[in-house]
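Here's the letter readout for the chains.
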Amino acid sequence: MSATPASAPRRVENLHTDKGKVPVYATGLVEQPWDGYSADDHATWATLFARQREVLVGRACDEFLQAQDAMGMTPDRIPRFSDLNAALGAATGWTLIGVEGLLPELDFFDHLANRRFPVTWWIRRPDQIDYIEEPDLFHDLFGHVPLLMNPVFADYMQAYGQGGVKAHGIGPEALQNLTRLYWYTVEFGLIRQHDGLRIYGAGIVSSAGESVHALESAAPNRIGFDGERIMRTRYRIDTYQKTYFVIDSFQQLMDATAPDFTPLYARLASQPSIPAGDVLAGDTVSQRGSGEGWANDGDV
Ligand code: PHE
Ligand code: CO
């Protein structure tokens, strides 16, 4: 069952302090304040939607584009979660829930494990159209929600949530390993389709610049999916990725992550992490990046 919306909507973003940006974790669920969206809010959605759909034809995977159409996402107005939930519920049993911003990890995992996907209720301001640090409604809804219509990907997300609850109980290193897997699949994954490489990661499909960069730039590495390798690989949160990992199918992702990770976490604990841009001897390389424009530090 979905949890009961409790609080009045607030917009929660990172705090800017003398130590830099500190994420604020808000746990409250909110009813989407749809009537409260301004004309500017709807226009921001329309602008971003139209721009991304143009970029994504022939770049996003077929499942993504078809699902957006099937669930009735259009540029006309910010979708109502309740409308999308009707389509999602029928397709895969997922439910969207409204949240104020980033959730604490365990809360997030628990929602996923119960097929609830948290969506930030607010959309970026017009001056943030090209870049915003934290996930907003556009990133969450446009980027993440369509693939929840796909039965295999829908199961992967739930399994990830269940794995997250477990990793949280094991400790911070296990959690870091699992977070890298999310980053390089759910957020920044590429998939090989009949006519070439396509995007499925939400962090890419919701970014005009990275949608082109991920597929066409000579700078990044593009390497075949390897779960254990990914779980050791650091990543970038402030620049385009240095490395993208390519799956052949969502079923491959599901099968590769099905085994119990507990022994894997133990093994990984004694191994060093891999810098974001490194290529290893065992990698299946479809492109070795030129590294052009890479920052030398800042992997996390
Ligand atoms: N099988 C993983 C585990 O035991 C859970 C998982 C599934 C993790 C899918 C990521 C994706 O922890
Ligand atoms: Co995201």
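Preceding this paragraph is the structure being described.
Just so it is clear, the structure is predicted and the values come from calculations on it, not from any experiment.

Trainee: Requested: an account of helix α1 (residues 39-56), with residues and values cited.
Mentor: Its 18 residues give α1 an end-to-end C-alpha distance of 25 Å, which sits within 8% of 26 Å, the value for a rise of 1.5 Å per residue. Among the residues making up α1, those that are buried are D41, H42, T44, W45, L48, F49, Q52, R53, V55 and L56. For α1, the angular spread of buried residues about the axis comes to 165°, placing them on one side. Turned more than 90 degrees from where α1 packs its buried face, A39 and E54 sit exposed.

Trainee: Would you mind going over the sheet that holds strand β5 (residues 116-120) in detail, with residue names and values included?
Mentor: The strand order across the open sheet built from 3 strands is β3-β4-β5, with neighbouring strands paired in mixed fashion. Where the open sheet ends on each side, the last strands, each with one partner, are β3 (29-30) and β5. As judged from the 5 bridges shared by strand β4 (residues 95-99) and β5, these two strands associate in the parallel manner. Across the sheet, residue I97 finds its bridge partner in β5, namely P118.

Trainee: Requested: an account of unusual backbone geometry, with residues and values cited.
Mentor: Residue R115 is not a glycine yet carries a positive backbone phi of 55°. Position of R115 among the secondary structure elements: in the loop between α4 (105-113) and β5. On the accessibility criterion, R115 (16% relative accessible area) is buried.

Trainee: Give me the coordination of the cobalt ion (ligand 2): which residues, what numbers.
Mentor: Only H139 (NE2), H144 (NE2) and E187 (OE) from the protein reach the cobalt ion (ligand 2) as donors, at distances of 2.0 to 2.1 Å. For the cobalt ion (ligand 2), the single-chain donor residues occur in sequence as H-x4-H-x42-E. Of the residues examined, H139 reaches a relative accessible area of 12% and is grouped as buried.

Definitions and cut-offs
Residues numbered from 1 in each chain as written. Chains lettered and ligands numbered in written order. Predicted model: local features only at pLDDT ≥ 70, side-chain atom pairs only at ≥ 80, totals over all residues. Heavy atoms only, no water. Helix = DSSP H or I, 4+ residues; strand = E, 2+ residues; numbered from the N terminus. Expected span 1.5 Å × (residues − 1). Buried < 20%, exposed > 50% of the residue type's maximum accessible area, 1.4 Å probe, protein only. Arc of directions from axis to C-beta. Pairing = 2+ DSSP bridges. Donors = N, O, S within 2.8 Å, 3.2 Å for Na, K, Ca; no water.

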